[in-house]
Number of protein chains: 2
Amino acid sequence: VRRIADRLVIAGVGLIGGSLAAALKSHGAVGEVIGIGRTRENLRIAKQRGLIDRIATDPVEAARDADMLVVATPVQAIAPLVALMAHALPPRAVITDAGSVKAPVVAAVERALGRQAARFCGSHPIAGTESSGAAAARADLLAGARCILTPTARTAASTRRHVRTLWEAAGMRVEEMPARLHDRLLARVSHLPHVIAYALVNAVADAERDHGRRLLSYAGGGFGDSTRVAASSPEMWRDICVANRDEVLRAIDDFLPALARLRDAIEVGDRDTLEAELARAQSVRRRLAAMPRPAPRRGTVTRLSTARARKP
Amino acid sequence: VRRIADRLVIAGVGLIGGSLAAALKSHGAVGEVIGIGRTRENLRIAKQRGLIDRIATDPVEAARDADMLVVATPVQAIAPLVALMAHALPPRAVITDAGSVKAPVVAAVERALGRQAARFCGSHPIAGTESSGAAAARADLLAGARCILTPTARTAASTRRHVRTLWEAAGMRVEEMPARLHDRLLARVSHLPHVIAYALVNAVADAERDHGRRLLSYAGGGFGDSTRVAASSPEMWRDICVANRDEVLRAIDDFLPALARLRDAIEVGDRDTLEAELARAQSVRRRLAAMPRPAPRRGTVTRLSTARARKP
């Protein structure tokens, strides 16, 4: 594997940032990894697990010798952090992010960078679990998963190539698409399911007022699967929903008629329509299950001696 | 383990019926197990895997020497099957079912049994995966999970005890509650999540009209988890939704405001309310995750030499 960077700065050494670091290190694709972040305790865990070599307390200072900057913070923090660090980065340094929303983030970063915009290319590594933080990072989290790059007319070809190589070194399948298309697609297959899972859990929490706490204790594996993502970081998902507002609203509004069709069939006792709708969903869901997709291998031991996967 | 029955008839040797048979056999809690069902091929698999000792083609004939009858078919078929077989059962024989809806099923079965109603006690073993059929049955599927019994004033005390012993022999934690309460609780924590998962997949299928088949290929693990139960049997879930109509409608109608609260906060950009709602769900979901619950151990090898867990 080719070396990606002698000195890589990761801002936000959480599940994604930490897993990227772990993967690059396990493949010898990186020299020194410097971590910055808000939470001292999280950085300490990242260092202890060998995900990063060094903690930097001053982002501007950390930028000085970096070959590459990866901003893997919640969406809202990406552009401000780039704005803060960009002027200190050496001319050769390339910037990317790991945000789940691209159009507004890319626009804000390019605005912040001004004439330096050519050195930035937006990324979205489509991987993750409901866990967060450096403690949950794993060298194999990204392997085999997709990463979408959203270069613009302002992105330098060399930046694109460099950022592509970064994620490929972590084992990802990289493709490019316009940021707006990314946001539209991800609103459907990722943001909407998260919103629904949060709402489903809240509806059960509301119902506990009538039925007491034991209601939840009757939940089986189905409820557990359906709501797993509702254990995800509220701050991260607040940012995603607000940043991708229009597409998320559209996805919710397109979901409601699909739910109403089932509700109507149940209400009038239309068994044929109901079964047809359920069967349609089943066949699509089975198509998904049959897709070649390396699911994150939970509990796999990473190659880093100190970086063992912890139970979420 | 005490012997539950010398001759046990299981009607519907699917995931639940087959797993019950496998568990009882692996603990030596049962003599001969006779399987009946609509699908010859499924019964053949059940026999081949050692879940049942014998296939009966005539339900009435199968009833003649049975000590116990467990009806583990889709909900709609339970009462008709009991009505068909009851007159042939010996006086000592006890009857139970495994339906996910109880009030209408129990009422229909008691009606069908008339003066024999004392020998029936409704059951709902709360276990399962999105897989179905004898091929998916596993001796450990039920172990540690809850089973709810819904006896009525007509149920004999000896029937209650006998049915309780049946599920306990399969390792289940048995409790009793009124059928109507069962239906209300399960509508919230099981039926609603299924309806939502089916609707979510259909919404993505609808959106594929605009985005093409590749939309689904951008789904990550979150979408996969959220919609896993949508791979469940459409016939079984049609029956459940129709049988538990009122409670399912109520659960859907109580879910919609929880979704609307998130939608409104996203629309107006109320970041504080949004984060508070997401955080509330997260904390409830984490409470669920922390509950002692033996999740079905996927891929565990059963103790039956021929009954190995297959990949769903």
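The structure displayed is predicted, hence computed values, not measured ones. (Residues numbered from 1 in each chain as written. Chains lettered and ligands numbered in written order. Predicted model: local features only at pLDDT ≥ 70, side-chain atom pairs only at ≥ 80, totals over all residues. Heavy atoms only, no water.)

K.L.:
Any chance you could break down the pattern of salt bridges for me, citing the residues and the numbers?
P.N.:
Residues and elements named next belong to chain A. Within the structure shown, the criterion is met by 64 salt bridges over all chains. The salt bridge partner of Arg54 is Glu32, with a shortest N-O separation of 2.9 Å. One end of the pair, Arg54, is in strand S3 (residues 54-55); the other, Glu32, is in strand S2 (residues 30-36), and 22 residues separate them in sequence. By relative accessible area, Glu32 is classed as partly exposed at 22%. Residue Asp254 pairs with Arg188 through a salt bridge whose shortest N-O separation is 2.7 Å. On the criterion of sequence distance, the pair formed by Asp254 in helix H11 (residues 245-268) and Arg188 in helix H7 (residues 179-211) is long-range, its members being 66 residues apart. (Salt bridge = Lys/Arg side-chain N within 4 Å of Asp/Glu carboxyl O. Helix = DSSP H or I, 4+ residues; strand = E, 2+ residues; numbered from the N terminus. Buried < 20%, exposed > 50% of the residue type's maximum accessible area, 1.4 Å probe, protein only.)

K.L.:
Would you mind going over the packing of aromatic side chains in detail, with residue names and values included?
P.N.:
Tallied over the full model, the rule gives zero aromatic pairs over all chains. When the ring centre of A:Tyr218 is taken as origin, the NZ or CZ atom of B:Arg146, which lies over that ring, is 4.5 Å away. (Phe/Tyr/Trp six-rings, centres within 6.5 Å; stacked < 30°, edge-to-face > 60°. Lys NZ or Arg CZ within 6 Å of the ring centre and 35° of its normal.)

K.L.:
Quick rundown of helix H1 (residues 15-26) of chain B? Include the residues and the values.
P.N.:
All names here are of chain B. In this model, H1 (twelve residues) spans 16 Å end to end at C-alpha, consistent with the 16 Å of a helix rising 1.5 Å per residue. H1 sits mainly inside the fold: eleven of its twelve residues count as buried. For H1, every residue scored as buried is listed here: Leu15, Ile16, Gly17, Gly18, Ser19, Leu20, Ala21, Ala22, Ala23, Leu24 and Ser26. Among the structural elements, strand S1 (5-11), strand S2 (30-36), strand S4 (68-71), strand S6 (122-125) and helix H6 (157-169) are those in contact with the buried residues of H1. Looking one or two residues past H1, Gly28 carries a phi angle of roughly 65 degrees, positive in sign. (Expected span 1.5 Å × (residues − 1). Contact = heavy atoms within 4.5 Å.)

K.L.:
So what about the sheet that holds S6(B)? Which residues, and what values?
P.N.:
All names here are of chain B. Taken together, the three strands give an open sheet; going across it, the order is S6-S7-S8, and neighbouring strands pair in mixed fashion. Of all strands in the sheet, those with a lone pairing partner are S6 and strand S8 (173-176), marking the two edges. Averaged over all pairs of adjacent strands, the angle between their axes in this sheet comes to 20 degrees, without regard to strand direction. Where strand S7 (residues 146-150) meets S8, four bridges bridge the pair, whose relative direction is parallel. When the sheet's bridge partners are listed, Cys147 is paired in S8 with Val174. Its contacts with the sheet put H6 on S6, S7 and S8, and the angle it makes with S8 is roughly 150 degrees. (Pairing = 2+ DSSP bridges. Axes fitted to C-alpha atoms, helices over the stretch in contact; angles between N-to-C directions.)

K.L.:
A description of the relation of the copies chain A and chain B should follow, citing residues and the corresponding values.
P.N.:
With an axial shift of 0.0 Å and an RMSD of 0.0 Å, the rotation relating chain A to chain B amounts to 180 degrees. Such values leave the two copies arranged in the relation of a two-fold axis. Closest to the rotation axis within chain A is the C-alpha of A:Ser226, separated from it by 2.0 Å. Comparing contact sets, 100% of the residues at the interface of chain A also lie at the interface in chain B, consistent with an isologous, same-surface contact. (Least-squares fit on C-alpha atoms with pLDDT ≥ 70 in both.)

K.L.:
Explain the pairing of strand S6 (residues 122-125) of chain A to me, using residue names and the numbers behind them.
P.N.:
Looking along a regular strand, one sees side chains alternate from face to face of the sheet. All names here are of chain A. Alternating residues of S6 divide into Gly122 and His124 and Ser123 and Pro125, and every residue in both groups is buried. Bridge analysis of S6 against strand S7 (residues 146-150) gives four bridges, and the strand direction is antiparallel. Paired with Gly122 across the bridge in S7 is Thr150.

K.L.:
I'd love a proper account of the interface of chain A and chain B, names of residues and values included.
P.N.:
For an interface, size is often stated in terms of accessible area lost upon the parts coming together. The interface of chain A with chain B comprises 87 residues on the first partner and 87 residues on the second. Interface area, chain A with chain B, both sides summed: about 8600 Å², of which 65% is carbon and sulfur. Where chain A packs against chain B, one counts 14 salt bridges. Note that A:Arg261 is salt-bridged to B:Asp206, the shortest N-O span being 3.1 Å. Here chain A is connected to chain B by 32 residue pairs in polar contact (both at pLDDT 80 or more). Contributions of two or more residues to the side of chain A that touches chain B are made by S7, H7, helix H8 (214-217), helix H9 (221-226), helix H10 (234-243), H11 and helix H12 (271-290) of chain A. Per-class residue counts for the side of chain A that touches chain B are 46 nonpolar, twelve polar and 29 charged. (Buried area = accessible area lost by both parts, 1.4 Å probe. Polar contact = N/O pair within 3.5 Å; in protein donor to acceptor, adjacent residues only side chain to side chain. Nonpolar A, V, L, I, M, F, W, Y, C, P; charged D, E, K, R; others polar.)

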